[in-house]
Amino acid sequence: MKKVSEKVIFYVITFCIFFLLFNFVAWLENTYIPLNTQTQLISGIVILPTIIILSFIFASLLFKSLKESK
């Protein structure tokens, strides 16, 4: 049961980090990049998987540091 709760907490942290990164990148795109089909395609193919990977990396580092601090 402890492993299941750890996984749930890990994925919730990952989702929160993903949501924050996604909103930050969306704000940057809306502010500085003109909206057309090429930028949307690049965003969908390159930026979105990068944000997903970064959110898992940041969540694992955060989760690891929280486990070691106890």
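Residues numbered from 1 in each chain as written. Predicted model: local features only at pLDDT ≥ 70, side-chain atom pairs only at ≥ 80, totals over all residues. Heavy atoms only, no water.

## Regarding the layout of surface pockets
Sizing a probe to match a water molecule and rolling it over the atoms shows the empty space that remains. Note the threshold: In this analysis a 1.4 Å probe is tested at points of a 1 Å grid over the protein atoms alone, and where it fits but cannot get out there is a cavity; an open set with protein on both sides within 12 Å along at least five of seven lines is a pocket; lining residues have an atom within 4 Å of a point. Grid points are joined across faces, edges and corners, and a volume is the space filled by probe spheres set on the points. Here a helix means four or more residues in a row that DSSP labels H or I, a strand means two or more in a row labelled E, and each is numbered from the N terminus. Just so you know the grouping, Ala, Val, Leu, Ile, Met, Phe, Trp, Tyr, Cys and Pro go in nonpolar, Asp, Glu, Lys and Arg go in charged, and all remaining residues, Gly too, go in polar.
Reported here for the largest pocket is a volume of approximately 230 Å³. Every residue lining the largest pocket is counted, 15 residues in all, and those nearest its centre are Val25, Ala26, Glu29, Asn30 and Ser43. Within the residue set of the lining of the largest pocket, elements represented by two or more residues are helix H1 (2–32) and helix H2 (37–69). The biggest single contributor to the lining of the largest pocket is H2, with 7 residues. Considered class by class, the residues forming the lining of the largest pocket number 9 nonpolar, 5 polar and 1 charged.

## Brief notes about the nonpolar core
Most often, soluble globular proteins keep nonpolar side chains buried together rather than apart. To keep things clear, this is the line we draw: Residue types Ala, Val, Leu, Ile, Met, Phe, Trp, Tyr and Cys, when buried and joined through side-chain atoms within 4.5 Å, form a set referred to as a nonpolar core. When a residue's accessible area, from a 1.4 Å probe over protein chains only, is under 20% of the maximum for its type it is buried; when over 50% it is exposed; and in between it is partly exposed. Any two residues whose heavy atoms approach within 4.5 Å are treated as being in contact.
Grouped together as the largest cluster of nonpolar side chains are 5 residues: Phe10, Ile13, Ile17, Ala59 and Phe63. Among the elements of the structure, H1 and H2 are those that each provide at least two residues to this core. For this core, the element with the most residues is H1, which contributes 3 residues. When neighbours within four sequence positions are excluded, Phe10 is seen to be in contact with Phe56, Ala59, Ser60 and Phe63.

## With respect to the packing of H1 against H2
Put simply, the test is: Helix axes are fitted only over the stretch in contact, all axes being lines through C-alpha atoms; the angle between N-to-C directions runs from 0 to 180 degrees. Each angle is binned into one of four classes, with values under 35 degrees roughly parallel, values over 145 roughly antiparallel, values of 65 to 115 roughly perpendicular, and all other values oblique. Take the far helix as your reference; a near helix turned counterclockwise from it by less than a right angle gives a left-handed crossing, and one turned clockwise gives a right-handed crossing.
One can describe the packing of H1 onto H2 by two numbers: an axis separation of 8 Å at closest approach and a directional angle of 135°. In terms of orientation, H1 lies oblique with respect to H2. The two elements H1 and H2 meet at a crossing, and its hand is right-handed. Class assignment of the residues belonging to the contact of H1 with H2 gives a composition of 19 nonpolar, 4 polar and 3 charged.

Spatial relationships are all this shows, so hold off on functional conclusions.
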